[in-house]
Every structure is written in C-alpha cells, then in structure tokens.
Amino acid sequence: MKKTLATLVALAIGAATPAAADLVLPSLSYRTGPYAPGGIPFADGYADYFTLLNERDGGIGGEKIVVSECETAYNTEKGVECYEATKGTGALIYQPLSTGITYQLIPKVSADKIPLHTMGYGRTSAANGKIFEWVFNYPANYWDGASVAIKYLLDENGGSLEGKKIALVYHNSAYGKEPIRTLQELAKKHSYELVEIPVDHPGQEQKSQWLQIRRDKPDHVLMWGWGVMNAVAIQEAANIRYPMENFIGVWWSGSENDVLPAGDGANGYKSLAMHGTGMDYPVYEDIQKYVIDAGKAAGAGDQVGSVLYSRGMYAAVLAAEAIRKAQELSGASAITAAQMRDGMEALEITEERMVELGLPNFGQPFKVSCEDHGGPGAGMIQQWDASAKKWNLLTGFIAPDDEVIQPLVMEDSMAFAAENNIAERCN
C-alpha cells in the first residue's frame, strides 16, 4: 500500500514528535536531486544550530526545539505537500529555500497565520510589511543583490558603466527572473546594455549560452544560478577563458560546491555574500563540541564552516532570536505562530548581540518593523582563491540603490495588494 506524504513525514520525525510545549520548526529540505549540493549544507547548518541550543542551553527559554525535515527535492508541488503535512504540528515558521515554493506558500501562510522567512530569496516585494504581514525576507533580497553587484561594477569601472555590456546568465524560473526588472531599470540609469541569457532547469547543458558569451564578449557576466547550474556555468566560463574576475554570481551562486569542480579554472570568480564564512567564529567551537563530536550532526559533518552551512546556521540564528523576542513580548515560553510573527517583526540584531552569539562581524546589524520586513539589503563581494580553496572578502557591506529598489518594491507589492484585496496596515 502506498504511503501518503503525511504518513512518511510522521514516520520520518518518529521519536522527534513534538510535545505540546516544544518549539516546532519544520525544515522543507532537499537532500536529493540536482539542487542537493545547495540544499544539504543549508539543512545541516539549520538543524545543527538548533541542536546546539538544545544540547548546550536546554533549548530556548526552557523549551526544546524540534526540527522536522520534509524532503521537497526543490520541487514546488512537493514543497506545498510538505507544508500541508507539517503545518498542523505546531509549526512556528517556514523557511523553504525555494522561490517557487515561496510563491505558492505566501497565500497559504497568510491564511493559516504562520510566518514565512525567505532570507535573500523569494518574492522581493514581500519586504513591504504593510502588505505582507506574514512574510519576511530580511536582511536582503534579490533586487538588493542586483543593485549591489552594479554598484560594485561602477566602482570597478571608475564610476561609469556607460557603453558597457553586462550579461545575466539566469536560471529560467521565478528565482532566476527576479533580478531582471531591477537590472533593466539600472541599465536605464547607468547606460549599460543588458543581455539576458536563460538556462533551463536543471542547468547541466549550457554550451550554447557560453558560445553566445564568447561571441558577444560582454564586459561583465552576472549569474543567478542554483545547484548544478552554477558549477557547469563556472566550468564553461573557464573553458572559453572568460576572465573570472569579471564573472559575479548572486549569493546563491557563491558556495564551495560551485567552484571546486572547476579546479584552478575557477580561480578569481566572484560572488555576492550576505554574511561571513569560514571557521573563524567562536560558535563553531561549540558546534564541534556539542553537535559534531557528540554524534548529533544532521548530516555527515563535512559541511561545517562552508558558505551554505553558514547560511543555514544564520537562518536558524535569526529564527532563534525571533523566538526569544516573541517569548519576551508574550511573557510565555511556549509561543504560538502568531506570537512568533510578532517576534520577527520586533527583531533587532545588533553587533553586540552577534558577538554574544559567537558570530562577531558575521552579518549586518538590522532592525525589522511593521513597514519594513526586508532589512537593509547590503551585500559584500567575495572572491574564490583556488590554490587556498577558500573565499576571501573583497569589500565590506555595500548598500543597495534604494532610489531604484524602493519604487519597484512599492509598485509590485501594491499590485499584489490590489489583486488580492489586501488593505495596508501599520497606519
């Protein structure tokens, strides 16, 4: 007899079935398929941080955390099924790590009153908290990232991109298409030519795209890729001898998994970064002691300190801090999803607090508000050193061009509000 997804989820979490007072955080993970190279380290970092809090601190505010994974394989339909199968377990927050799943979940979480956090991905205009009450995408979004990349290129080109040709190699999906409008508007402002080059799922075949790049000779190439697409693109760029220092990926195209397959050919490749990476943070000593050495790691323990492990951990850190804020606001340790939303909207991350958490100079300080669910939107540029097999930060945080970004956020969010009969809040 064929088991339903709900049955499989129940079997998967088994002994980890939450008690009435547990803090339940479903993880819509993907450890299989062409996007597994990104999904695995993120899921490991997310789960391991909560394991650390359980083992070292006894949970958060005296409540244990339960992370129940449901495999989506980065498939939108499966992601929605996982949401439906887990939302009744007392779920406090969802972080699907998929723009496609995010778009489908926005109306669902709004109706079910469960917060959705899409850190650096998802629907960019959800940054407008006046319209998207249950959705958060701090500390930065795709349109911010596109703007940061252009500001960096402006600096690299003496303040002017006039007459330059910039190619965008993008995953031909809702995710990959997100930065196009922003880059088009920035092209009008800075007088560069934008060449849009789609890559179909999953991105294993890109010969024609890179032959076009070899023919057109763009001054710079930006990439919005994910999973196997990234590694293939970097290898193809190396094959045509495209100057790697002129090739910049979004923060989802800047992990070790993306560059290692190309070996020395990836040397000099750049990407955006929304946080620091590497093992030079005190929190990793605790993760090693309480999680890895204790045999409680979510995965093989081989991704610790990598870019995407760090990002999964960062997502968990922000969720944990929102839980603390929700407990403080409500005066209760066993919070509800609605109280979790309130905690997320009142969240303030200071550098002082990041130091206390063992993450000094890891991410940008920010404060969420009713109006602003998106954060400051700044990003850094990192570069791959193939000989040392490590990423090096080239810049500090670069602020986005809000003169271009904010009108786009307002236009898109207000159109969504009109389509869905949503009244503005925060008045």
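Residues numbered from 1 in each chain as written. Predicted model: local features only at pLDDT ≥ 70, side-chain atom pairs only at ≥ 80, totals over all residues. Heavy atoms only, no water.

Stated formally: UniProt positions are given in the numbering used here, feature names are shortened, and annotations may be inferred rather than shown by experiment.
In the annotation of an unreviewed UniProt entry, the chain is listed under the name Leucine-binding protein domain-containing protein and assigned to Albidovulum aquaemixtae. Quoted straight from UniProt, the Sequence similarities (unreviewed entry) entry for the chain says "Belongs to the leucine-binding protein family."

### As for empty space enclosed by the protein
For clarity, the threshold we go by: The pocket and cavity definitions rest on a 1 Å grid over protein atoms only: a 1.4 Å probe that fits but cannot leave marks a cavity, an open set with protein on both sides within 12 Å along at least five of seven lines marks a pocket, and residues lining either have an atom within 4 Å of a point. Grid points are joined across faces, edges and corners, and a volume is the space filled by probe spheres set on the points. Starting at the N terminus, helices and strands are each numbered in turn, a helix being any DSSP run of H or I of at least four residues and a strand any DSSP run of E of at least two. By the convention adopted, Pro, Cys, Tyr, Trp, Phe, Met, Ile, Leu, Val and Ala count as nonpolar, Lys, Arg, Asp and Glu as charged, and the other residues, Gly among them, as polar. Domain start and stop positions are those given by an automatic or database domain assignment.
Tallied over the full model, the rule gives two cavities of 30 Å³ or more. Considering only enclosed or pocket space, the largest cavity measures out at about 80 Å³ in volume. In terms of lining, the largest cavity is formed by P26, S27, L28, S29, Y30, G39, F42, A43, Y46, Q95 and L97. Looking at the lining of the largest cavity, the elements with two or more residues in it are β1 (23–29) and α2 (36–57). Per-class residue counts for the lining of the largest cavity are seven nonpolar, four polar and no charged. Within this model, the second largest cavity holds a volume of roughly 70 Å³. As for the second largest cavity, its lining consists of Y30, Y74, L97, S98, T99, Y121, Y142, Y175, W226 and W252. In the lining of the second largest cavity, the residues fall into eight nonpolar, two polar and no charged. Residue-level mapping places the lining of the second largest cavity at the junction of two domains, with at least three residues from each of domain 1 (23–141 + 278–376) and domain 2 (142–276 + 380–406).

### Some remarks on the sheet that holds strand β12 (residues 380–385)
Formally: Pairs of strands are assigned from DSSP output, requiring at least two bridges between the strands. The angle between two axes is taken between their N-to-C directions and runs from 0 to 180 degrees, where each axis is a line fitted to C-alpha atoms and a helix contributes only its stretch in contact.
The seven strands are arranged β6-β5-β7-β8-β9-β12-β13 in an open sheet whose pairing can be described as mixed. Two strands in the sheet have a free side with no partner beyond their single neighbour: β6 (193–199) and β13 (390–393). Each strand axis lies, on average, 30 degrees off the axis of its neighbour in the sheet, ignoring direction. Here strand β5 (residues 165–171) pairs with β6 via seven bridges, running parallel. Residue A167 lies in a different strand from β6, and its bridge partner there is V195.

### Details of the environment of G375
This is how it is decided: For every residue, the accessible area obtained with a 1.4 Å probe (protein chains only) is divided by the maximum for its type, and the residue is called buried under 20%, exposed over 50%, and partly exposed between those limits.
Here G375 lies in the loop between β11 (366–367) and β12. Here G375 falls in the partly exposed class, since its relative accessible area comes to 22%. C-alpha of G375 to C-alpha of Y138: the two residues are 237 residues apart in sequence and 4.6 Å apart in space.

### Digging into the packing of helix α11 (residues 283–292) against helix α12 (residues 307–330)
Stated precisely, the cut-off is as follows: Roughly parallel refers to an angle under 35 degrees, roughly antiparallel to one over 145, roughly perpendicular to one between 65 and 115, and oblique to any angle outside these ranges. Pairs of residues are marked as contacts when any of their non-hydrogen atoms sit within 4.5 Å.
Where α11 meets α12, the closest approach of the two axes is 13 Å, and the angle between their N-to-C directions is 90 degrees. Taken together, the axes of α11 and α12 lie roughly perpendicular to each other. Across the interface between the two elements, V283, Y284 and I287 from α11 touch Y309, S310 and M313 from α12. Here the contact of α11 with α12 is built from residues that sort into five nonpolar, one polar and no charged.

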